[in-house]
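# Structural overview
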Amino acid sequence: MQKILIRADGNSSLGMGHVMRCLRLGRALKARLKAEVAFIYRANEAVKDAVAREGFASVALKAQASLEEEIKILEKCGSRHAVLVTDLWETTDAYLSRLDAVSGCLVVLDDRGGHNYPADLVVGQYFASIRDRYGSFRSETRFLMGPAYVILDSALREWHQKEKYIARDPKKILISFGGSDPRNLTLQALQALAAFEPHLEIRVALGVSNTHEKPIQEQAARMHHEIRIQKDVKRMTEAMHEADIAFANVGNTAYELACLGTPALLMTARPDQEENAKAFQDAGIHRFVGAGSALAVSDIVSAFSGLYENQSLRSALSENGKRLVDGEGLSRITEAVSACVKEGSMA
């Protein structure tokens with residue numbers, strides 16, 4: 001049986017975005033290749049639980065495991081005859097070379113570039129993933145670049161085909177800042193909306209690793225809007241499609257909203273996320289409000305009011321999002337990995 005090994009991490013500071021998209025990819029590769037999937041990660045309870053829910057085998061590395069210890073575990077898991085997928089926030093050329101030496105087919109997910117990749121496939125799925133930043137030691141390396149390869153839940157493809165209603169007077173507001181929201185951007189968005197006079201129906205979607213529920217609940221209790229706070233929302237795609245305007249970070253949620261035609265106000269948790277947020281704005285899909293740590297309530301209120309009052313702008317953002325993010329990225333990557341296996345890279 002074909003084996004897929006996935007090496008990814010998630011925690012309260014990094015968030016869970018890399019883990020969640022790798023779980024989606026693992027699910028798709030398991031179905032396409034009739035494969036056995038195993039997940040290797042640095043010990044973290046949230047990652048452990050997410051992998052367990054998916055039903056994949058898993059191996060937890062020690063928090064301070066050395067490269068040599070990691071390589072030994074990968075080899076023990078059968079990496080030399082497996083497809084090894086890596087999706088890590090920080091990496092080095094030397095690290096990738098070691099992975100390549102012990103894998104049958106190396107697939108690297110890296111949205112920022114900046115390395116020479118000794119890989120069979122390299123995926124840079126963001127608007128800000130610029131091909132010139134990606135090199136390779138091997139002429140046969142295949143690069144899959146841009147939002148055509150963004151990994152979204154397969155359910156979005158059906159919702160992508162549904163018509164998106166652009167309300168003249170938007171009421172339904174979604175706030176969703178990912179699995180952990182380490183900077184509590186959710187609270188900042190709520191504080192801004194508290195100063196907005198027209199009545200709103202606000203849905204706050206908290207991820208499974210969010211630890212800020214108490215201050216968020218306290219803020220909501222002081223507001224005049226209708227507010228519903230939910231943790232680990234099961235029908236998130238429907239919630240995103242129903243929203244007139246969303247607040248989000250620049251991870252997968254921003255691409256999901258684009259695919260569904262829901263315009264969003266983007267707030268970033270880290271400086272390195274700003275380039276991608278600006279890329280969304282340059283593409284005419286979402287609006288970049290700014291870095292959360294530097295934002296005043298008035299900045300957020302001003303950005304929200306501008307989008308709230310401009311139906312034609314919201315319509316244009318919606319159309320651009322659906323045109324540029326079609327939800328087929330997962331199937332394209334799965335096809336590429338399948339081709340890699342068939343072409344003999346597993347020898």
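Shown above is the structure to which this text applies.
Residues numbered from 1 in each chain as written. Predicted model: local features only at pLDDT ≥ 70, side-chain atom pairs only at ≥ 80, totals over all residues. Heavy atoms only, no water.

### Some details on empty space enclosed by the protein
Applying the stated rule across the entire model yields 1 cavity of 30 Å³ or more. The space that makes up the largest cavity amounts to roughly 40 Å³. Lining the largest cavity, in full, are Thr86, Asp87, Leu88, Thr91, Leu96, Val108, Leu109 and Asp110. If you list the elements that add at least two residues to the lining of the largest cavity, you get β4 (83-87) and β5 (105-109). Within the lining of the largest cavity, the residues separate by chemical class into 4 nonpolar, 2 polar and 2 charged. (1 Å grid on protein atoms, 1.4 Å probe; cavity = no way out; pocket = protein on both sides within 12 Å on 5 of 7 lines; lining within 4 Å. Points joined across faces, edges and corners; volume = space filled by probe spheres on them. Helix = DSSP H or I, 4+ residues; strand = E, 2+ residues; numbered from the N terminus. Nonpolar A, V, L, I, M, F, W, Y, C, P; charged D, E, K, R; others polar.)

### A word on the state of the cysteines
In protein structure, a disulfide is the covalent linkage between the sulfur atoms of two cysteines. Taken as a whole and judged by the stated rule, the model has 1 disulfide. Across a sulfur-sulfur distance of 2.5 Å, Cys105 and Cys340 are joined as a disulfide pair. Because the sign of the S-S torsion sets the handedness, a value of about 130° for the bond joining Cys105 and Cys340 places this disulfide among the right-handed ones. Residue Cys105 is located in strand β5, and its partner Cys340 is located in helix α13 (residues 329-342); the two are separated by 235 residues in the primary sequence. One exposure class covers both Cys105 and Cys340, and it is buried. Note on Cys22: no disulfide assigned, nearest cysteine sulfur contributed by Cys105 at a separation of 14 Å. Since its relative accessible area comes to 0%, Cys22 is described here as buried. (Disulfide = S-S within 2.5 Å. Buried < 20%, exposed > 50% of the residue type's maximum accessible area, 1.4 Å probe, protein only.)

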